[in-house]
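Notes for the structure review
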Amino acid sequence: MALDIILGAISIGIVFLYGSVGEIITEKSGHLNLGIPGIMCMGTAGGMLGISVYMNSLANVKNASWLSLVFIPLICAFLFAAFGGLIYAFLTVSLKSNQNVVGLAITTFGAGFSQFFIDKFVDTTYIARARKIISQGFSFTSNLGPTNISYGFLAYLAILLAVAAAFILKRTKIGLRLRAVGENPATADAVGINVTAYKYFAIFIGSGIAGLGGLYYVAGYTTFDNTLTIQTFGWLAVALVIFTMWRPDLSIIGSILFGGLYVVGSKMTTVISSLATQEIILLLPYVVTIIVLIFTSIFGSKNVQPPAALGLNYFREDR
């Protein structure tokens, strides 16, 4: 039972990990993108389109290539999600619109657009078959008693991206400049950093990575039902950013913990009859996040605080 919960926590945690890493990169530029849930939905739509187009192009689906089935949907999911990010960037960076309002609008738009797009333009006939092929690639398999441990390439990619993001943000010139833009864009601008370019770059890359979480949900975790579930995971990914104190490397552990809370909550709903109690259990990840936020706000150092300019639009003429 305990091992099943751990394995399930890792599986569902990968969805959270993609979303949180993408949002951390975006927030490091000073932009609070509450559109991540909708952007993850757009990643799902793009990934499913890639799978559908590739599988329907084959004379015999038994000849499907693992490499093509991984990278075609991956690229499609990234581009669809990044496009959602560009809409957000244009409205908030170029037009200086309110970040919270735009983010919520992107979530609504992304979820509705994705559901409509999937219903009208995606052939879901071969999605389940494609998932079996995708999950075989670069998977680590071992037997611990009756349990089989197996994770596909997309799971490992999420961890690699988290480690890479942590390294780039901490150890490279690009990361230093991006953090400077998020902390004090006026100062960054004064020393010659192109604030607008860095903001667009961070939002584009961050949104694309978050969208891969939507792809993983349908290609590496379970079947697609509707965008409501992915929206829920998107909000948990945003909460995970706060929980891990804006550190991509800690998101690896945090995503597993959130996954565990989600799995435990889901399993306990089958044995608890009270609907109110079930709903409270499913709120555990959010409750934990609030507790961490309060704790870090009171006792935390500057290193565990959000970027100083987070959520604030930059007006160059005011500096």
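To be clear, the structure that these remarks concern was listed above.
A brief report on the enclosed structure follows. (Residues numbered from 1 in each chain as written. Predicted model: local features only at pLDDT ≥ 70, side-chain atom pairs only at ≥ 80, totals over all residues. Heavy atoms only, no water.)

A word on the packing of helix H6 (residues 153-171) against helix H7 (residues 173-183). The interhelical angle for the contact between H6 and H7, taken along N-to-C directions, is 75 degrees, at an axis separation of 5 Å. Between H6 and H7, the angle falls in the class roughly perpendicular. Here Ile168, Leu169, Lys170 and Arg171 of H6 come into contact with H7, specifically with Lys173, Gly175, Leu176, Leu178 and Arg179. (Axes fitted to C-alpha atoms, helices over the stretch in contact; angles between N-to-C directions. Helix = DSSP H or I, 4+ residues; strand = E, 2+ residues; numbered from the N terminus. Parallel < 35°, antiparallel > 145°, perpendicular 65-115°, else oblique. Contact = heavy atoms within 4.5 Å.)

Most of the time, phi is negative for any residue but glycine, and the peptide bond is trans. Even without glycine at this site, Met245 takes up a positive phi of about 55 degrees. Positive phi is not limited to glycine here, since Trp246 has a value of about 60 degrees. With respect to the helices and strands, Trp246 occurs in the loop between helix H10 (227-243) and helix H11 (248-268).

Okay, the pattern of salt bridges next. Counting across every chain of the model gives two salt bridges. A salt bridge links Asp249 to Lys170, with the nearest nitrogen and oxygen atoms 3.8 Å apart. Of the two residues, Asp249 sits in helix H11 while Lys170 sits in helix H6, which places them 79 residues apart along the sequence. Look at Asp249 and you get partly exposed, because its relative accessible area is 25%. Close ionic contact of Asp249 with Arg247 constitutes a salt bridge, the shortest N to O distance being 3.2 Å. A single network of salt bridges, built from pairs that share partners, joins Lys170, Arg247 and Asp249. (Salt bridge = Lys/Arg side-chain N within 4 Å of Asp/Glu carboxyl O. Buried < 20%, exposed > 50% of the residue type's maximum accessible area, 1.4 Å probe, protein only.)

Attention now goes to the environment of Gly47. Following the sequence through the fold, Gly47 ends up in helix H2 (residues 36-56). You can call Gly47 buried: its relative accessible area is 0%. Through-space distance from the C-alpha of Gly47 to that of Ile72 is 7.9 Å; in sequence the pair is 25 residues apart. For Gly47, the residues in contact, after removing those within four places along its chain, are Pro73, Cys76, Ala77 and Leu215.

Time to look at the side chain of Glu27. Mapped onto the secondary structure, Glu27 falls in helix H1 (residues 2-27). One buried charge, Glu27, has no salt-bridge partner; the nearest side chain with opposite charge is Lys28, at 8.4 Å. A distance of 2.5 Å separates the side chain of Glu27 from the side chain of Trp246, its partner in a polar contact. Not counting residues within four places of it along the chain, the set of residues in contact with Glu27 comprises Leu32, Val241, Trp246, Pro307 and Leu310. (Lys, Arg positive; Asp, Glu negative; His and termini not counted. Polar contact = N/O pair within 3.5 Å; in protein donor to acceptor, adjacent residues only side chain to side chain.)

Next up on the list: the nonpolar core. Of all hydrophobic cores here, the largest spans 78 residues; its most connected members are Tyr18, Ile51, Leu69, Leu154 and Leu212. Counting residues per element, this core draws most heavily on helix H9 (residues 195-221), which supplies eleven residues. The contact partners of Leu212, leaving out residues within four places of it in the chain, are Tyr18, Leu74, Ala77, Phe78, Leu157 and Leu161. Grouped together as the second largest cluster of nonpolar side chains are eight residues, Ile39, Ala81, Tyr88 and Val102 included. (Core = buried A, V, L, I, M, F, W, Y, C linked by side-chain atoms within 4.5 Å.)

This next bit is on the packing of H1 against H9. H9 packs onto H1 with a crossing angle of 170 degrees between their chain directions and a minimal axis gap of 7 Å. Relative to H9, the element H1 is oriented roughly antiparallel. Contacts between H1 and H9 involve Ser11, Ile12, Ile14, Val15, Tyr18, Gly19, Val21, Gly22, Ile25 and Thr26 from the former and Ala202, Ile203, Gly206, Ser207, Ile209, Ala210, Leu212, Gly213, Tyr216, Tyr217 and Tyr221 from the latter. Looking at the contact of H1 with H9 residue by residue, the classes come out as 14 nonpolar, seven polar and no charged. (Nonpolar A, V, L, I, M, F, W, Y, C, P; charged D, E, K, R; others polar.)

Aromatic ring pairs are defined here through the distance separating the ring centres and the angle between the ring planes. A full pass over the atoms with the stated rule returns eleven aromatic pairs. Look at Phe71 and Phe153: their rings are 5.7 Å apart centre to centre, the planes differ by 50 degrees, and that puts the pair in the tilted class. Here Phe71 is found in helix H3 (residues 66-94), whereas its partner Phe153 is found in helix H6, with 82 residues between them in sequence. Taking relative accessible area as the criterion, Phe71 reaches 34% and is therefore assigned partly exposed. Since its relative accessible area comes to 15%, Phe153 is described here as buried. Every member of this aromatic cluster is reached through a ring pair, and the members are Phe80, Phe109, Phe113, Phe116, Phe117 and Phe121. One cation-aromatic arrangement involves Lys96 over Phe315; the distance from NZ or CZ to the ring centre is 5.8 Å. (Phe/Tyr/Trp six-rings, centres within 6.5 Å; stacked < 30°, edge-to-face > 60°. Lys NZ or Arg CZ within 6 Å of the ring centre and 35° of its normal.)

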